[in-house]
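# Structural description and commentary
The chain contents come next:
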Amino acid sequence: MSLEVFFVAIISSMLINNVVLMRFLGVCPFLGVSKKTESAIGMSAAVMFVMVVASFVTYLLYYYVLEPVGITYISTIAFILIIASLVQLVEMFIKKFSKKLYKGLGIYLPLIVTNCAILGVAEGNIAQGYATDYGVLSGLWVATTSAFGAALGFGLVMFLFSAIRERLDHTDVPPAWKGLPVSLVTAGIMAMAFLGLGGMV
């Protein structure tokens, strides 16, 4: 398997099929934690860890446990349990080593469990059929690479959006547009910009 496969997996999941702007997953933290750049970066790092590790573990679980036993219908429940366990680890780590970030993320940190972007990427890796195209073990690395690209895309969008929102706080925005309305318009313009990247791969 060539490096081109991994490159395409990263670029397509990061830019072309961006989880937030193209697939509309993970919009809750996108709008809720993007008021400050520091919080957005912290949330992105937490999501990246959970997304990559969850994709790796859920892929192995699906093909080495659920499929051989014939219980693939419980995959969503099993995936959510894995994601919840990883989020607990991340929450304990951040609480111990960065109390400021822990307070800044607030309720959105435990809500990573319900972040549909993580579950969507884990389920999407199975639906993509990497195991059929490349074999189960090679497909594992393509799926993990794709999850890493999706996490990078999530982080990129969070950082850009938080930087724009910080600038908007210091600009002369009409009162009716302040807050969420101008943020939603900004998100729409960003989604159109990412839509233009569709022909890259």
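These numbers were taken from a predicted model, which means no experiment stands behind them.

What follows is about the overall build of the chain. When helices and strands are counted, the chain shows nine helices and zero strands. Element order for the chain, N to C, with α for helix and β for strand: α-α-α-α-α-α-α-α-α. For 201 residues, the compact-globule estimate of 2.2 N^0.38 gives 17 Å, and the chain sits close to it at 18 Å. Considered along the principal axes of its C-alpha atoms, the chain spans approximately 60 × 45 × 30 Å. Expressed as a percentage of the 201 residues in the chain, the buried residues total 44%. In the chain, 78% of the contacts between residues at least 6 apart in sequence involve partners at least 24 apart. For the chain, the exposed area adds up to about 10,400 Å²; of that, 69% sits on carbon and sulfur atoms. Each charge class in the chain was averaged separately, 11 positive and 9 negative side chains, and the resulting centres sit 16 Å apart.

Now for helix H1 (residues 3-16). The first and last C-alpha atoms of H1 sit 19 Å apart over 14 residues, in line with the 20 Å expected at 1.5 Å per residue. Residues Ala 9, Ile 11, Ser 12, Ser 13, Met 14, Leu 15 and Ile 16 constitute the buried set of H1. Buried-residue contacts for H1 involve helix H8 (136-168) and helix H9 (180-195).

Where the residue is not glycine, phi is negative for most of them; where a peptide bond is considered, it is trans in most cases. Positive phi values are uncommon outside glycine, yet Phe 24 reaches one of about 55°. Mapping Phe 24 onto the fold places it in the loop between H1 and helix H2 (27-32). On the basis of relative accessible area, Phe 24 is assigned to the exposed category, the value being 58%.

Take the state of the cysteines next. Inspection of the entire model under this criterion finds zero disulfides. Unpaired in terms of disulfides, Cys 28 finds its nearest cysteine sulfur in Cys 116, a separation of 8.5 Å. Classification of Cys 28 as partly exposed rests on a relative accessible area of 47%.

Moving on to the packing of helix H4 (residues 75-97) against helix H6 (residues 116-127). Two numbers describe how H4 lies on H6: the axes approach to 10 Å, and their chain directions differ by 130°. It follows that H4 is oblique to H6 by the angle criterion. In this structure, H4 crosses over H6, and the sense of that crossing is right-handed. Counting all contacts with H4, which are made through Ser 75, Thr 76, Phe 79, Ile 80 and Ile 83, the residues of H6 involved are Ile 118, Leu 119, Ala 122, Glu 123 and Ile 126. A breakdown of the residues in the contact of H4 with H6 according to their chemical character gives seven nonpolar, two polar and one charged.

What follows concerns the nonpolar core. Leu 21, Phe 30, Met 43, Val 50, Met 51, Ile 112 and Ile 118 are the most contacted members of the largest nonpolar core, which totals 40 residues. Elements with a minimum of two residues in this core: H1, helix H3 (37-69), H4, helix H5 (99-105), H6, H8 and H9. Not counting chain neighbours up to four residues away, the residues in contact with Met 51 comprise Ala 117, Ile 118, Val 121, Ala 147, Ala 150 and Ala 151.

The rules behind these values
Residues numbered from 1 in each chain as written. Predicted model: local features only at pLDDT ≥ 70, side-chain atom pairs only at ≥ 80, totals over all residues. Heavy atoms only, no water. Helix = DSSP H or I, 4+ residues; strand = E, 2+ residues; numbered from the N terminus. Rg over C-alpha atoms; globule rule 2.2 N^0.38 Å. Buried < 20%, exposed > 50% of the residue type's maximum accessible area, 1.4 Å probe, protein only. Contact = heavy atoms within 4.5 Å. Areas by Shrake-Rupley, 256 points an atom, 1.4 Å probe, with all protein chains shown as cover. Lys, Arg positive; Asp, Glu negative; His and termini not counted. Charge placed at Lys NZ, Arg CZ, Asp CG, Glu CD. Expected span 1.5 Å × (residues − 1). Disulfide = S-S within 2.5 Å. Axes fitted to C-alpha atoms, helices over the stretch in contact; angles between N-to-C directions. Parallel < 35°, antiparallel > 145°, perpendicular 65-115°, else oblique. Left-handed = near helix turned anticlockwise from the far one by under 90°. Nonpolar A, V, L, I, M, F, W, Y, C, P; charged D, E, K, R; others polar. Core = buried A, V, L, I, M, F, W, Y, C linked by side-chain atoms within 4.5 Å.

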